[in-house]
Amino acid sequence: PLNPGEPRYTLGSPIFPRATLRLAPEGMRRFIIEAPGASPDKPYVQSATLNGLPLEEPWILHEDLIRGGSLRLEMGAEPSGWGR
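Here the structure is a predicted model, which means the values were calculated and not measured. (Residues numbered from 1 in each chain as written. Predicted model: local features only at pLDDT ≥ 70, side-chain atom pairs only at ≥ 80, totals over all residues. Heavy atoms only, no water.)

So, about the layout of surface pockets. Roughly 150 Å³ of volume is contained in the largest pocket. What lines the largest pocket is simply Leu-11, Gly-12, Ser-13, Tyr-44, Val-45, Pro-79, Ser-80, Trp-82, Gly-83 and Arg-84. For the lining of the largest pocket, the per-class residue count stands at five nonpolar, four polar and one charged. (1 Å grid on protein atoms, 1.4 Å probe; cavity = no way out; pocket = protein on both sides within 12 Å on 5 of 7 lines; lining within 4 Å. Points joined across faces, edges and corners; volume = space filled by probe spheres on them. Nonpolar A, V, L, I, M, F, W, Y, C, P; charged D, E, K, R; others polar.)

With respect to the element layout, Asp-64 can be found in helix H1 (residues 62–67). The class of Asp-64 is buried, set by a relative accessible area of 15%. Side-chain polar atoms of Asp-64 contact the side chain of Arg-67, separated by 3.0 Å. (Helix = DSSP H or I, 4+ residues; strand = E, 2+ residues; numbered from the N terminus. Buried < 20%, exposed > 50% of the residue type's maximum accessible area, 1.4 Å probe, protein only. Polar contact = N/O pair within 3.5 Å; in protein donor to acceptor, adjacent residues only side chain to side chain.)

This part covers the pairing of strand E2 (residues 18–23). As paired strands, E2 and strand E3 (residues 29–34) are joined by six bridges and run antiparallel to one another. Each residue of the ladder has a partner; that of Leu-21, found in E3, is Phe-31. Between the end of E2 and the start of E3, which pair antiparallel, lie five residues, with Glu-26 showing a positive phi angle near 55°. (Pairing = 2+ DSSP bridges.)

Below, the structure is given as structure tokens:
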């Protein structure tokens, strides 16, 4: 979270092209974060989808994360207007 106590997570440049969070109970649900092409040459988020739907804001809510699903970030070499 950007501000402690707020139930949202601010999105930034990913380090890995894919990460899977195994959620309780017992890792049955998963939240997958994909950023194909993420690299030092492509540090800027161009667009994002949460569970296949366009994400207009540069954050997700905690409740979205704990439900499980997927976040996909399209990366690029130049800044875009996404998330402003």
